[in-house]
Amino acid sequence: QVHLVESGGGLVQAGGSLRLSCAASERTFSTYAMGWFRQAPGKEREFVKTISRSGSTIYTADSVKGRFTISRDNAKNTVYLQMNSLKPEDTAVYYCAADPTGYGRYWRLNDFDSWGQGTQVTVSS
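Residues numbered from 1 in each chain as written. Predicted model: local features only at pLDDT ≥ 70, side-chain atom pairs only at ≥ 80, totals over all residues. Heavy atoms only, no water.

Engineer: Run through the overall build of the protein, naming residues and quoting values.
Structural biologist: Across its full length, the protein holds zero helices and 11 strands. In the protein, the order of α-helices and β-strands from amino to carboxyl end is β-β-β-β-β-β-β-β-β-β-β. For 125 residues, the compact-globule estimate of 2.2 N^0.38 gives 14 Å, and the C-alpha radius of gyration of the protein, at 13 Å, lies within 12% of that figure. Principal-axis analysis of the C-alpha atoms places the extent of the protein at approximately 40 × 25 × 25 Å. Counting every position in the protein, which comprises 125 residues, the buried fraction comes to 45%. Taking as baseline every contact in the protein between residues at least 6 positions apart, the subset at least 24 positions apart corresponds to 58%. When the accessible surface of the protein is split by element, carbon and sulfur atoms take 45% of a total near 6,300 Å². Taken as two groups, the 14 positive and 11 negative side-chain charges of the protein have centres that lie 4 Å from each other. (Helix = DSSP H or I, 4+ residues; strand = E, 2+ residues; numbered from the N terminus. Rg over C-alpha atoms; globule rule 2.2 N^0.38 Å. Buried < 20%, exposed > 50% of the residue type's maximum accessible area, 1.4 Å probe, protein only. Contact = heavy atoms within 4.5 Å. Areas by Shrake-Rupley, 256 points an atom, 1.4 Å probe, with all protein chains shown as cover. Lys, Arg positive; Asp, Glu negative; His and termini not counted. Charge placed at Lys NZ, Arg CZ, Asp CG, Glu CD.)

The structure is reproduced here in structure tokens:
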């Protein structure tokens, strides 16, 4: 498993931007697909975006299309989530996760065997 630490959350007004980072401890980070998920109060955890180990395949939830971008820097063992045009409904705890299969198939949640502790994102109206 991989130790993951998220950062970059905070309070932002609607329409604003935030960039989340997730640093991984594993030297073989480049072999993992990475994903961002979120959980709002009283709701189930939901998929946001995933990126394959090569970066060639990205899956995106409909709710964030055109607003959120996922990227990875394998030299820094870090994955990013750039969030633009934020809405109050984006308020949630955001988690990054690692998938050792390398594919990032978000519908196979059990593939993601390592999770960070989460970072709070709050969007005010």
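On we go.
Engineer: Give a description of the side chain of Ser21 that names residues and reports values.
Structural biologist: For Ser21, the location among the structural elements is in strand β3 (residues 18-24). What makes Ser21 buried here is its relative accessible area of 17%. Residue contacts for Ser21: discarding those within four places in its chain leaves Val5, Glu6, Ser7, Trp36, Thr78, Val79 and Tyr80.

Engineer: Run through the nonpolar core, naming residues and quoting values.
Structural biologist: In this structure, Met34, Trp36, Leu81, Met83 and Tyr94 are the most contacted members of the largest nonpolar core, which totals 32 residues. Listing elements by their share of this core, those giving two or more residues are β3, β4 (33-39), β5 (46-51), β7 (68-73), β8 (78-83), β9 (92-99) and β11 (119-124). A per-element tally of this core places β9 first, with five residues. (Core = buried A, V, L, I, M, F, W, Y, C linked by side-chain atoms within 4.5 Å.)

Engineer: For the pairing of β7, give the residues involved together with the corresponding values.
Structural biologist: Every second residue of β7 is oriented toward a common face, the buried set being Phe68, Ile70 and Arg72 and the non-buried set Thr69, Ser71 and Asp73. Note that β7 and β8 share six bridges and pair antiparallel. Across the sheet, Asp73 pairs through a bridge with Thr78, a residue of β8. Hairpin geometry of β7 and β8 is characterised by an intervening segment of four residues between the two adjacent antiparallel strands and by a positive phi of about 55° at Asn77. (Pairing = 2+ DSSP bridges.)

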